[in-house]
Every structure is written in C-alpha cells, then in structure tokens.
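# Breakdown of the fold
Here are the chains, one letter per residue:
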Amino acid sequence: MNVFKVIIAGDICPTGRVAELFNKNDYEAVLGEVKETLQKANISFANFECPVVEGEGVPIEKCGPNLRCTAKGIEVVKWAGFSGVTLANNHFLDYGEGGVAKTLEVCKEHGIDTVGGGMNLNEASSTLYKEINGETLAVINCCEHEFSIATETTAGSNPLNPVKQYFAIKEAREKADYVLVIVHGGHEHYNLPSPRMQETYRFFVDAGADAVVNHHQHCYSGYEVYHGKPIFYGLGNFCFDKLYDKMPDGWYEGYMVEMVLGEEKIEYRLIPYTQCKETPSVELMKGEYYAKFLENIQQLNAIIADPKELTKRHEEWMEKNGSGFEHQYLPYSNRWLISAYIRHLFPSFLSRKRLLMLQNHLECESHRERSLFALKRLVDKHKK
C-alpha cells in the first residue's frame, strides 16, 4: 500500500486584524509559520467558517453573528497549502444562497476542493473522493443543525444525521481505501465531548470510518483510539481573530491533526499552536507551552476514556452554564427582567406541569418535530 499524509485544521475565519493583513497581501505575517507544515501534506483541509460575499450582501435572519469575508480568504487558504475546505458549519449560509454560490465559485477558481456544502442538500451531502498515490480517500463532512442547513431545494450545509451518515460511510467504504468523517459541532467553549457526541462518533467508526475529526467549540479537546481508529473531539480555532475585546482563553489555542495513511494502522500526531492573541498570526507551540499542551491533552484523554467521568463533567458544565438556555422558556424578554428573575425577585409564571410538558415536547422525537414546525410557523407569522 502507498503511504500518504493528511492534515486537518479547525476553523478559519478571515475577520478583524487578520482580514486587514490579508487585504494588504501580507499572508506571511498570519500563516507563514505553518505554511511549510501544510505543504508537506498530500491533502489538507481547514473548516472555512464564513461565506465569501461581494458588495453589501444580504444577511439571513438568525441569532448569533453573521460572518463573512472577501475572496482573499480563499486565496490565502490556497497560498498556505490547503487543498480543500469543509463547508458544513453554522455560518456557511450567513449571507444566503448568494454567499454559498460565491464561496463555491471562488473555491473552484482557485482549485480548492469543497465538501459539506452546496446549492442543495444533494450537493451538500456528497462525499468527496480523492486519488492520492494510487489510493482513494473518501471525505464526509456534516454539521449540527443551526441556521445553515441545506434542504432539497435550498443551499447550505450537510446536516448531522447518523442514519444518513451511516449509509454514506457504507458506500464510501466500498469505493475508497480510507474513509474520513469530519463533523462540526459540540458545546462552544467546552473542551470535552458530550456523551452523545462520543456515542455518535464511535458509531461512525463502527460503520466503517477510519478516523473522525471534530471542530466548532472554539477550544481544543482530547482524543481517543476506538477499535484502532482515532477520534479527535475538537481541534479549536485555526485562524479566527477575536470577535469581542475579551474571549475565553481556549479561543487562542488549537491543534492540527496530521495522519499518515497506508500503514497497517493510522499513524497520527498533533501540531499545536497559538492563534490571534497578541498578534493576528498562527504560531507553533514550543518549549513550556508545548509541554503544558501535552499535559492538558493527557488529562482530557483520561476523562474521555472514562464514560462515568465524562458524563459527570458534562452534567457539571451543563448545570453551571444552563441559565442562558433556561431563560428562553421564561416570559421575560430583556436582561433587566431576567436579572431580576435570577435574583428571585420575579416568579417563573410557568407551573411544574407546564414545564413537564415543555420537557416532553423537546425530549420526544415526534413532539420535537411538531414543536419545531410550530416555532417556524410562529417566526413566519411574526415576520408578517
């Protein structure tokens, strides 16, 4: 069997100080230190976390920021040595079908492979096949459901759907020598997978994936080897300047995964870096920073290897960070009223019976379908 090298990186979003340097054609200042590493790979992917938009553009209606960049973003991806981008993420559709179409067009112009996004669900869910040194690599890319999901008739990203991914993996297993699944999802700023994520990604390995790689959380996580196949639970940001004055510490660190395929088992190594902290650049970790990174990874891996501890940590994190979601089910609509409620100055107005009903509507798959349909209809009515 012929050996070849694959590198996967996390989120790249050319905004802020990074965009200013790109517009001045100063690519070296941002990605010069990692360029040589990337160019040694036979194939490499970064997650392109925003659409290419010309002119003003029309942002979609959503919660959260609408991200965008110019064609410079793709030019730099090419310059740095990436051969492709994953497009299944929660920002690909931020500027509607126009942004999706322009992104695909610019990628094609620069010879950049795309996977996970398209002008409809059929395109977005298509598996990418690459011939490398006489071997075939299949790449499947999907993301958790937010405002970016493609449908049968509209553009966007390929949704996470374990049933559909199962059949995609099975088909790829028949056509390719290796199958790589890349998923965009998880809790933002939480550096461990949820038990659901671990169950799903292990299922992808059971279905035939040779490796599973995840990003989205804006901080790195650990990894495990399951049935001889590596699963990486979070790469962190690759090149993503801060959105606000102060970001969580995890925002500024991440790692690329380098895998060597063609051996009896997959060889891999982590390539850690710091990004966009004091300066808008990606810099490889060295010395004590690298040693601290390895220590932290070992601690995360130990938790991931212990299902009870992983569940415990997840429940603790949910308990600590659950208030933001809890407020969505209360009648208070501004921060002053919410603050008063937290301080027990206002009542809930929701009885225990009604809360149980809401829990049932979200927990039951059939009820959740009806709840989503009802919410979308209410959103449309409110727009009118």
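Residues numbered from 1 in each chain as written. Predicted model: local features only at pLDDT ≥ 70, side-chain atom pairs only at ≥ 80, totals over all residues. Heavy atoms only, no water.

### A look at the packing of helix 12 (residues 352-363) against helix 13 (residues 365-383)
Axes are the key here: two packed helices are described by the angle between their axes and the distance separating the axes. What counts here: Note on definitions: angles span 0 to 180 degrees between N-to-C directions of axes, and those axes are lines fitted to C-alpha atoms, for helices only across the stretch in contact. Only runs of H or I of at least four residues qualify as helices and only runs of E of at least two qualify as strands under DSSP, and these elements are numbered from the N terminus. By definition in this entry, angles of less than 35 degrees are roughly parallel, angles greater than 145 are roughly antiparallel, angles of 65 to 115 are roughly perpendicular, and the rest are oblique. In this analysis, two residues are considered to be in contact whenever any of their non-hydrogen atoms come within 4.5 Å of each other. In this classification, Asp, Glu, Lys and Arg are treated as charged, Ala, Val, Leu, Ile, Met, Phe, Trp, Tyr, Cys and Pro as nonpolar, and every other residue, Gly included, as polar.
Between helix 12 and helix 13, whose axes approach to 5 Å, the crossing angle comes to 100°. Our classification of the angle between helix 12 and helix 13 gives roughly perpendicular. When helix 12 is examined against helix 13, the residues Asn360, His361, Leu362 and Glu363 are found in contact with a partner set consisting of Glu365, His367, Arg368 and Ser371. Looking at the contact of helix 12 with helix 13 residue by residue, the class counts come to one nonpolar, four polar and three charged.

### Comments concerning the pattern of salt bridges
Keep this limit in mind: Note on definitions: salt bridges are taken to be side-chain nitrogens of Lys or Arg within 4 Å of carboxyl oxygens of Asp or Glu. Accessible area is worked out with a 1.4 Å probe on protein chains only. A residue is then buried under 20% of its type maximum, exposed over 50%, and partly exposed in between.
Applying the stated criterion across every chain, the model contains 17 salt bridges. Ionic pairing is found between Arg196 and Glu144, a salt bridge with its closest N-O pair at 2.9 Å. On the criterion of sequence distance, the pair formed by Arg196 in helix 7 (residues 195-207) and Glu144 in the loop between strand 7 (135-143) and strand 8 (156-157) is long-range, its members being 52 residues apart. Overall, Arg196 belongs to the partly exposed group, its relative accessible area being 40%. Of the charged contacts in the structure, one is a salt bridge between Arg202 and Glu224, with a shortest N-O distance of 2.8 Å. Of this pair, Arg202 sits in helix 7 while Glu224 sits in strand 11 (residues 223-226), and the two are 22 residues apart along the sequence. Using a relative accessible area of 22% as the deciding quantity, one classes Arg202 as partly exposed. Look at Glu224 and you get buried, because its relative accessible area is 10%. Taken together, the shared-partner salt bridges connect Lys5, Glu258 and Arg269 into one network.

### Overview of the packing of helix 2 (residues 27-39) against helix 3 (residues 72-80)
Orientation of helix 2 relative to helix 3, taken along the N-to-C sense of each, is 40°, at an axis distance of 8 Å. If you check the angle between helix 2 and helix 3, you find them oblique. Each of Tyr27, Glu28, Leu31, Gly32, Lys35, Leu38 and Gln39 in helix 2 lies in contact with helix 3, whose residues at this interface are Lys72, Glu75, Val76, Trp79 and Ala80. Taken together, the residues of the contact of helix 2 with helix 3 sort by class into six nonpolar, two polar and four charged.

### Quick word on helix 11 (residues 335-342)
We apply this condition: The arc under discussion is defined with respect to the helix axis, by the directions toward the C-beta atoms.
Looking only at helix 11, the buried set comprises Ile338, Ala340 and Tyr341. With its buried residues spanning 160° around the axis, helix 11 presents them on a single face. Turned more than 90 degrees off the buried face of helix 11, the exposed positions are Arg335 and Trp336. Within two residues after helix 11, His344 carries a phi angle of roughly 65°, on the positive side.

### Here we look at the side chain of Ser148
Condition: Definition of a polar contact: a pair of N or O atoms within 3.5 Å, with one able to donate and the other able to accept a hydrogen when the atoms are protein atoms, and with sequence-neighbouring residues admitted only if both atoms are side-chain atoms.
In this structure, Ser148 sits in the loop between strand 7 and strand 8. Taking the relative accessible area as the measure of exposure, Ser148 reaches 0% and is therefore buried. In terms of polar contacts, Ser148 uses its side chain to reach the backbone carbonyl oxygen of Asn89, at 2.6 Å. When near neighbours in sequence (up to four residues on either side) are disregarded, Ser148 contacts Asn89, Asn90, His91, Phe92, Leu93, Cys143, Gly156 and Ser157.

### Remarks on the packing of aromatic side chains
Rules: Here the aromatic set is Phe, Tyr and Trp, taking the six-membered ring for Trp, and pairing holds for ring centres within 6.5 Å; pairs whose planes are under 30 degrees apart are stacked, those over 60 apart are edge-to-face, and all others are tilted. For a Lys NZ or an Arg CZ to count as sitting over a ring, it must be within 6 Å of the ring centre and within 35 degrees of the ring normal.
In the structure shown here, the tally under the stated rule is 18 aromatic pairs. Look at Phe203 and Phe204: their rings are 6.2 Å apart centre to centre, the planes differ by 50°, and that puts the pair in the tilted class. Here Phe204 falls in the buried class, since its relative accessible area comes to 0%. Ring plane angle 65° and centroid distance 5.8 Å describe the contact between Tyr255 and Phe293, whose orientation is recorded as edge-to-face. Of this pair, Tyr255 sits in strand 14 (residues 253-261) while Phe293 is found in helix 8 (residues 287-304), placing the two residues 38 residues apart along the sequence. Ring pairs connect the aromatic residues Tyr166, Phe167, Tyr201, Phe203, Phe204 and Tyr233, which therefore count as one cluster. The lysine or arginine in question, Arg68, covers the ring of Tyr95, its NZ or CZ lying 5.2 Å from the ring centre.

### Re helix 6 (residues 162-175)
We apply this condition: An expected span of 1.5 Å times one less than the residue number is assigned to each helix.
Over its 14 residues, helix 6 runs 20 Å from end to end, which matches the ideal 20 Å to within 8%, given 1.5 Å per residue. Looking at helix 6, one finds that the buried residues are Gln165, Ala168, Ile169 and Ala172. One side of helix 6 holds all its buried residues, which, seen down the axis, span an arc of 100°. Across helix 6 from its buried face, at more than 90 degrees, point the exposed residues Val163, Phe167 and Glu174. Lining the buried residues of helix 6 we find strand 6 (128-132), strand 7, strand 9 (178-184) and helix 7.

### A few points about the environment of Tyr329
Its location among the elements puts Tyr329 in the loop between helix 10 (323-326) and helix 11. Judged by its relative accessible area of 39%, Tyr329 is partly exposed. Sequence separation between Tyr329 and Ser194 is 135 residues, and the spatial gap between their C-alpha atoms is 23 Å. Residue contacts for Tyr329: discarding those within four places in its chain leaves Leu350, Leu358 and Leu362.

Remember, this is a structural readout, not a statement about activity or role.
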